[in-house]
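Residue-level listing of the chains:
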Amino acid sequence: MESKTFKVPNIGCSGCVNTIAAELTALAGVKQVEGSADTKLITVTWDSPATWEQIVSALTEIEYAPEA
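Residues numbered from 1 in each chain as written. Predicted model: local features only at pLDDT ≥ 70, side-chain atom pairs only at ≥ 80, totals over all residues. Heavy atoms only, no water.

So, the environment of Ala37
Checked against the element boundaries, Ala37 lands in the loop between β2 (30-36) and β3 (41-46). Taking C-alpha positions, Ala37 is 22 Å from Leu27, a pair spaced ten residues apart along the chain. Other than its neighbours up to four places away in sequence, Ala37 contacts Ile11, Cys13, Ser14 and Val17. (Helix = DSSP H or I, 4+ residues; strand = E, 2+ residues; numbered from the N terminus. Contact = heavy atoms within 4.5 Å.)

Below is the structure:
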């Protein structure tokens with residue numbers, strides 16, 4: 001199992017965090033998504049078949065790309 005915490009500059013409110021969580025938990029293998037609108041940090045925990053590349057791609061599609 002892998003886990004990563006990253007910043008998403010486009011987060012403006014808890015609704016943004018909920019959108020991100022809904023999008024990522026729809027990916028097969030994503031186990032948990034936690035986030036904070038105050039810090040703009042998201043933590044994702046996943047297992048195979050999900051990959052970091054899939055997570056970044058899904059976030060980019062919904063315009064919540066992780067900070068590089």
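Quick word on the packing of helix α1 (residues 14-25) against helix α2 (residues 52-61)
Two numbers describe how α1 lies on α2: the axes approach to 10 Å, and their chain directions differ by 135 degrees. For the element pair α1 / α2, the angle class is oblique. Handedness of the crossing formed by α1 with α2: right-handed. In contact with Ile20, Glu23 and Leu24 of α1, α2 contributes Ile55, Ala58 and Leu59. Residue composition of the contact of α1 with α2, grouped by class: five nonpolar, no polar and one charged. (Axes fitted to C-alpha atoms, helices over the stretch in contact; angles between N-to-C directions. Parallel < 35°, antiparallel > 145°, perpendicular 65-115°, else oblique. Left-handed = near helix turned anticlockwise from the far one by under 90°. Nonpolar A, V, L, I, M, F, W, Y, C, P; charged D, E, K, R; others polar.)

So, the sheet that holds strand β1 (residues 2-7)
The strand order across the open sheet built from three strands is β1-β3-β2, with neighbouring strands paired in antiparallel fashion. Two strands bound the open sheet, and with one partner strand each, they are β1 and β2. Across the sheet, the axes of successive neighbouring strands diverge by a mean angle of 15 degrees, strand direction being ignored. Here β2 pairs with β3 via six bridges, running antiparallel. What sits directly across from Ser36, in β3, is Leu41. Sitting on the sheet, α1 touches β2 and β3, and the angle it makes with β2 is about 170 degrees. (Pairing = 2+ DSSP bridges.)

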